[in-house]
Amino acid sequence: MPQKILAGRATDPQLRGDLVQVKVDQVILSRAPSRALAEAIATGMKKTPVEVAVAYDGTCVADASSLADIDEGSPHSVSPEFPTYNIPIARPGIGFPAPVHLERFAAPARLALTDDPRLTTVGGIGMLSLVVSPSQLGQALATGSVWLRPPRSVQIHLSGRVRPFVCARDVALELLRRNLDEVVRRIEGEHHAPVILEFAGPSARLLSVGDRAVLCGIAPQVGAAAALFVSDEKTEVFLRDQRRSKAHRALVPDPGAPCEEVVSIDLGTVDPLLMDEEGVVRPVRDLAGKPVAQVVLGGDSGVTLRDMLAAALLLKSKRVPSRLDLLVAPPSRQVLEVLAQSGALVDLVATGARIVEPDRRVVTSEIYPPPPGSLSLRTADPEPRIAGAPSFVVASAETLAYAVATGAVGDPRSFKRPVRVTVPRALPTDDVLILRDKKGEQVSTKKPPPAPAAVPWKGPLTLDVLAGVPKVNGHAAVGARGRAAPAPVEAPAAAAADPQGQAAPAEGKAAGGVALVLSTLDEVRAVAERATDLSTVRAVVAPFVPSTAVSAFASEGIATFLVGTEALGSIKDQKSVELPAPAQWGDRVAAIFGSERVEIAWLATGMERSWTHAGTVRQPPSAGKPAR
């Protein structure tokens, strides 16, 4: 299915070559909107030719820092001039980007680009959503096209029916428990191409679009580029309920379409599961009886409207225990209105719940963090698990309801009987919080943000080696959107805060930049998501880097190298690495870590190598033309 979507938009429908140029249908700006706009303007954009482009402003709880970010044009802010470029703004309070986009903008059989991995959930409607860097988003906004690696597919065959008190969140955790990440990693290593999860089988068609979105949300955690469901009658009904039936297109795989591997799962064998604070998926009964101090019901993934209504029914006439804090974060404004109209919101408030705004910092735990030394249960997918990042337990909405009812972890099947949930078909669809430009009414009084200067690779370079994920302004890079420190100071500050306890390099030595040595997929994900905040990072060395991250790093001028796990331990202890001049780089590069010579593989391919050397993917204003 992903190949069908890309082939219909590519200049080469056969998808031959290391990279192909494809036309983009939608651009979703979430993590660094102003940076993407700056790149587009630098390329010469006046109005974006993309069919749908939306900038999500996720800062609902404003403070002095967030207001200063807007005033200073921070890369992560959303300034009022977006609508003048044909890019509507989803204002604070509309909900989290992933569920809102699924409801109001996502369309089957289309290609969307985003800078937020959490938006892979829109694959539940049959739309292919790929994560790229802000530089690539800028190119897509300006030209309507982008260069991508042709993907490979892994089919997940679903059969059977889920039992009572088992929902889509439990099925997603079951897939994680079956080491799907090892399958993705092996196929990536064989083909050096992004891997996309395709859900198929008789039970895939029985799931609602909301449940499908929950399953698609696991893609980033296993290293996959995206996940995709078919577009069928369920999809058409969902779009009709959203009053967007014209957006429907059928999308099914061709008979006998090849895939790299098939993973089968019987939904009838899935039990209530949870992911513990270490990231290990376990049956709920393994933690049964453990007291819970915080429950966060909602967020941007892992929960559907049906799940929210079921939790409210299970908690009706109950009271929050004295030592437990129940926070309810409705995924979208639509869900909030349905909860209010059905009376479920009143039931939750009567239970003792606190309704919190859909601020982006809720899912990253920057606000409402887990209480230290206590157990926190949440429905949303976690951010990459790195040292210093907040940790919590992930479980289904019904498992969270049992924890609220009893004050401890337990199997939701201990409830007397399952609840009957009727999801209303008449849904509120008023886009009152979507800010559009109406005939030039939104006239910008500010200058467009400047694009950062490219830092090309010139000659041999000596880089400071830093093991693990650096910190930005004293906070873990994951989820942090603080105002970036000046580039000359950032690398030493990051090294000083490194959880490995390494000494900080001297400030004068940071001129060459930093090479990050990363051990896990979560570390690679954390750096890829915050590459724009780490301006002194020039190279990433790891035993596994997904192809989408390689391309994103290359577009920011960051070289990505593969190293064997046997050599990883020794190079992490070195203080510097010497890289030869870019003209001497090939598929393998001879690097000198300290006094040790190590052969490392350069993962960039085709045009990605020229992006790395140039330090940017940006083209002159006259160079970019949309694909036909």
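So, a few notes on the structure that sits alongside this text. On a predicted model such as this, the values are computed, not experimentally measured, just so you know.

1. Quick look at the sheet that holds strand β11 (residues 261–266)
The strand order across the open sheet formed by four strands is β10-β9-β8-β11, and the pairing between neighbours is parallel. Looking along the sheet, the strands with just one partner apiece sit at the ends: β10 (226–228) and β11. Within the sheet, the average angular offset between the axes of one strand and its neighbour, ignoring direction, is 20 degrees. Pairing geometry for strand β8 (residues 152–159) and β11, over six bridges, is parallel. Counted as the bridge partner of Gln155 is Val262 from β11.

2. Details of the packing of helix α18 (residues 547–555) against helix α20 (residues 607–614)
The N-to-C vectors of α18 and α20 enclose an angle of 40 degrees; their axes lie 7 Å apart at closest approach. For the pair formed by α18 and α20, the contact residues are Val550, Ser551, Ala554 and Ser555 on the first element and Glu608, Trp611 and Thr612 on the second. Looking at the contact of α18 with α20 residue by residue, the classes come out as three nonpolar, three polar and one charged.

3. With respect to the sheet that holds strand β15 (residues 325–329)
The mixed open sheet is built from seven strands, whose spatial order is β13-β12-β18-β17-β14-β15-β16. This sheet does not close on itself; its edge strands, each paired only once, are β13 (281–283) and β16 (354–355). As paired strands, strand β17 (residues 376–378) and strand β18 (residues 393–395) are joined by two bridges and run parallel to one another. Paired with Leu377 across the bridge in β18 is Val393. Contacts from helix α15 (residues 397–406) reach β14 (294–298), β15, β17 and β18 within the one sheet, and its direction differs from that of β14 by about 145 degrees.

4. Focus on the packing of aromatic side chains
Counting across every chain of the model gives six aromatic pairs. Residues Tyr402 and Phe415 carry aromatic rings whose centres are separated by 5.5 Å and whose planes lie at 85 degrees to one another, so their mutual orientation is edge-to-face. With a gap of 13 residues between them, Tyr402 in helix α15 and Phe415 in the loop between α15 and β19 (434–435) connect regions that are remote in the sequence. The pair Tyr402 / Phe415 is uniform in exposure class, with both members buried. Seen from their ring centres, Trp585 and Trp602 are 4.9 Å apart, and the 85 degrees between their planes marks the pair as edge-to-face.

5. Notes on helix α6 (residues 168–177)
Most of α6 is tucked away, with nine of its ten residues classed as buried. Burial in α6 covers these residues: Ala168, Arg169, Asp170, Val171, Ala172, Leu173, Glu174, Leu175 and Leu176. Just downstream of α6 lies Asn179, where phi reads positive at about 55 degrees.

6. Concerning the side chain of Gln221
Among the structural elements, Gln221 can be located in helix α9 (residues 219–222). Using a relative accessible area of 16% as the deciding quantity, one classes Gln221 as buried. Polar contacts involving the side chain of Gln221 include one to the side chain of Asp381, which spans 2.9 Å. Sequence-distant contacts of Gln221, that is, excluding residues within four places in its chain, are made with Leu176, Met275, Asp381, Pro382, Leu521 and Arg525.

7. Some points on the pattern of salt bridges
Following the criterion strictly, the structure yields 38 salt bridges and no others. Among the salt bridges present, the one from Asp431 reaches Arg104, with a minimum N-O distance of 2.9 Å. Here Asp431, found in the loop between α15 and β19, pairs with Arg104, found in helix α4 (residues 97–104); they are 327 residues apart in sequence, far enough to count as distant. Its relative accessible area of 24% is what places Asp431 among the partly exposed residues. Taken together, the shared-partner salt bridges in this structure form one network comprising Arg31, Asp116, Arg118, Asp300, Glu383 and Glu529.

8. Section: the pairing of strand β5 (residues 111–114)
If a strand is regular, its side chains alternate between the two faces of the sheet. By the alternation rule, side chains of β5 split into Leu111 and Leu113 and Ala112 and Thr114, which are all buried. The pairing of strand β2 (residues 26–29) with β5 spans three bridges and is classified as parallel. What sits directly across from Val27, in β5, is Leu113. Bridging between β5 and strand β6 (residues 128–131) involves four bridges; their strand directions are parallel. Bridged to Leu113 within β6 is Leu130.

9. Things to note about the state of the cysteines
Using the criterion set out here, one finds zero disulfides in the structure. Considering cysteine sulfurs only, Cys216 is the nearest to Cys259, which forms no disulfide, with 16 Å between them. Residue Cys259 is classed as partly exposed on the basis of its relative accessible area of 28%.

10. As for the nonpolar core
Counting 45 residues, the largest nonpolar core has Phe553, Phe561 and Leu579 as the members making the most contacts within it. Examining the composition of this core, we find that five residues originate from one element, strand β24 (residues 537–542), more than from any other. Discounting residues that sit within four places of it in the chain, Phe553 has contacts with Val524, Val527, Ala528, Ala531, Val540, Val545, Ile558 and Thr560. Among the nonpolar cores identified, the runner-up in size contains 40 residues, and Val22, Val24, Leu111 and Leu148 belong to it.

11. Looking at the environment of Leu516
Structurally, Leu516 can be placed in strand β23 (residues 514–517). The spacing of Leu516 and Asp464 is 52 residues in sequence and 8.4 Å in space, taken between C-alpha atoms. With residues near it in sequence (within four places) discarded, Leu516 still touches Leu466, Gly468, Pro470, Val527, Val537, Ala539, Val540 and Val541.

Procedures and definitions
- Within each chain, residue numbers correspond to sequence positions counted from 1 in written order.
- The predicted origin of the model limits local features to residues at a pLDDT of at least 70 and limits the giving and counting of side-chain atom pairs to 80 or more, whereas totals for whole chains, interfaces and linings rest on all residues.
- Excluded from the side-chain calculation are hydrogens and water; included are all heavy atoms of the structure.
- Being paired, for any two strands, means DSSP has found at least two bridges between them.
- Comment: elements are numbered from the N terminus, with helices defined as DSSP H or I runs of at least four residues and strands as E runs of at least two.
- Between N-to-C directions, angles span 0 to 180 degrees; the directions come from axes that are lines fitted to C-alpha atoms, helices contributing only their stretch in contact.
- Contacts are residue-level and defined by heavy atoms, with any inter-residue pair within 4.5 Å sufficient.
- Asp, Glu, Lys and Arg are counted as charged, while Ala, Val, Leu, Ile, Met, Phe, Trp, Tyr, Cys and Pro are counted as nonpolar; the rest, among them Gly, fall into the polar class.
- A pair of aromatic rings is counted whenever rings of Phe, Tyr or Trp (Trp by its six-membered ring) have centres within 6.5 Å, and the orientation is called stacked for planes under 30 degrees apart, edge-to-face for over 60 and tilted otherwise.
- Relative accessibility under 20% of the residue-type maximum defines a buried residue, over 50% an exposed one, and the middle range a partly exposed one, all with a 1.4 Å probe and only protein chains included.
- Any N or O atom pair separated by 3.5 Å or less is treated as a polar contact, with the protein-specific requirement of one donor-capable and one acceptor-capable atom, and with residues adjacent in sequence counted only for side-chain atom pairs.
- One side-chain nitrogen of Lys or Arg within 4 Å of one carboxyl oxygen of Asp or Glu is enough to make a salt bridge.
- Disulfides are defined in this document as cysteine sulfur pairs within 2.5 Å.
- Here, the term nonpolar core denotes a set of buried Ala, Val, Leu, Ile, Met, Phe, Trp, Tyr and Cys residues that are joined through side-chain atoms within 4.5 Å.

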